[in-house]
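Secondary and tertiary structure notes
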Amino acid sequence: MITGASSGIGEAAAKELASKGAKLVLAARREDRLKKLQEDIQNQGGQAIYKVTDVTSHEQMEELAAYALTEFGKIDVLINNAGLMPNSFLYKKQIDDWNKVIDVNIKGVLDGIAAVLPSMRERKSGHIINLSSVAGHVVGPTSTVYAATKHAVRAISEGLRKEEYSNNIRSTIISPGAVKSELTESITDPDVKAAVGEMYKGAIEAEAIARAIAFAIEQPADVAVNEMLIRPTHQE
Ligand code: NDP
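Treat the numbers as computed from the prediction; the structure is a model and nothing was measured.

1. Some words on the site of the ligand
Taken together, 29 residues are adjacent to the ligand, and Gly-4, Gly-8, Arg-29, Gly-83 and Ser-181 come closest. Of the residues forming the shell around the ligand, the biggest block, 3 residues, is contributed by helix α1 (residues 8-19). For the shell around the ligand, a count of residues per class yields 12 nonpolar, 12 polar and 5 charged.

Quick look at the structure:
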């Protein structure tokens with residue numbers, strides 16, 4: 001089950017995992033993108049279904065997990081990938097952006113975990129992969145609120161690991177550097193967008209992160225890849 005599957009890293013992960021035989025449940029808000037991805041995967045011989053889902057809705061996340069369980073009987077892996085990066089200076093008080101990024105990047109991850117844990121705990125098996133970031137390790141100007149959410153994702157993942165490893169539930173943090181995607185489109189301040197755009201000139205393909213996600217999933221059940229930090233070679 002992949003949130004934010006309609007573009008970027010989520011889409012690339014869906015294609016990578018489908019090519020390896022995973023049965024996918026794709027989630028995001030843009031139905032046209034999900035439908036197209038489902039068709040692409042099916043045309044390549046893979047299996048995917050989708051459900052339009054807003055990760056900021058607790059109810060929709062519960063419905064997504066219920067749909068996956070109805071269709072496939074179990075959820076082996078949840079990839080909490082949906083995210084926004086509306087970077088801005090604190091003094092500009094872009095409070096709407098703060099609320100949005102906290103709702104998607106933190107509460108969405110918590111709701112994803114809450115939606116899948118009951119069935120994973122019952123089966124004593126599962127794997128939850130959370131997308132953090134290099135910004136979950138370092139903070140720069142304008143990335144303060146985004147970095148706070150990505151630090152939170154790492155804290156949540158570690159807490160999850162401590163609470164659930166005895167139930168054979170694996171927890172993985174994926175922390176990418178600059179990756180080509182639509183992420184910078186959520187930046188509303190034009191100056192900040194231009195500055196971040198400069199940094200993203202050296203961005204790597206989303207497939208690099210998809211391969212890392214696949215690597216974590218493919219390990220034997222007694223091996224948990226707890227974190228991977230993946231930067232473009234030329235990123236500071
Ligand atoms: P994209 O903008 O390409 O993808 C973001 C995805 O999140 C889209 O599929 C979007 O789908 C989905 N999304 C956003 N808001 C919601 C919502 N409310 N409900 C459901 N889905 C939502 O960016 P990336 O692929 O780059 O980002 C994926 C993850 O990787 C994010 O968590 C990001 O923070 C993280 N990351 C990315 C880096 C990069 O450089 N690209 C670096 C470090 C981390 P839709 O709009 O259809 O709902």
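Still more ground to cover, so stick around.
2. A closer look at the nonpolar core
With 65 residues, the main nonpolar core has Ala-14, Leu-24, Leu-26 and Ile-213 as its most contacted residues. Each residue touching Leu-26, except ones within four places of it in the same chain, is listed here: Ile-2, Ala-5, Ala-14, Leu-34, Leu-37, Gln-38, Ala-48 and Tyr-50.

3. Quick word on the pairing of strand β5 (residues 126-131)
Successive side chains on a regular strand alternate, one facing one side of the sheet and the next facing the other. Within β5, 6 of the 6 residues are buried, leaving the element largely enclosed by the surrounding structure. The two faces of β5 match: Gly-126, Ile-128 and Asn-130 on one face and His-127, Ile-129 and Leu-131 on the other face are all buried. One ladder, built from 4 bridges, connects strand β4 (residues 77-80) with β5; its direction is parallel. Its bridge partner being in β5, Ile-79 is matched across the sheet by Ile-129. The parallel pair β4 and β5 is bridged by helix α4 (residues 95-123), and the resulting crossover is right-handed. Sheet topology places β5 next to strand β6 (residues 169-176); 6 bridges connect them, and they run parallel. Each residue of the ladder has a partner; that of His-127, found in β6, is Arg-170. Regarding topology, helix α5 (residues 144-164) serves as the crossover connection from β5 to the parallel β6, and that connection is right-handed.

4. Here's the deal with the environment of Thr-184
Mapped onto the fold, Thr-184 is located in the loop between β6 and α6 (190-199). For the pair Thr-184 and Met-85, spaced 99 residues apart in sequence, the C-alpha to C-alpha distance is 6.4 Å. If near-sequence neighbours (up to four positions away) are discounted, Thr-184 is found in contact with Met-85, Lys-193, Val-196, Gly-197 and Tyr-200.

What counts and what doesn't
- Residues numbered from 1 in each chain as written.
- Predicted model: local features only at pLDDT ≥ 70, side-chain atom pairs only at ≥ 80, totals over all residues.
- Near = placed C-beta within 6 Å.
- Helix = DSSP H or I, 4+ residues; strand = E, 2+ residues; numbered from the N terminus.
- Nonpolar A, V, L, I, M, F, W, Y, C, P; charged D, E, K, R; others polar.
- Core = buried A, V, L, I, M, F, W, Y, C linked by C-beta atoms within 7 Å.
- Buried ≥ 20, exposed ≤ 12 C-beta atoms within 10 Å, placed from the backbone.
- Contact = placed C-beta atoms within 7 Å.
- Pairing = 2+ DSSP bridges.
- Right-handed = clockwise from strand over helix to strand, strands pointing away.

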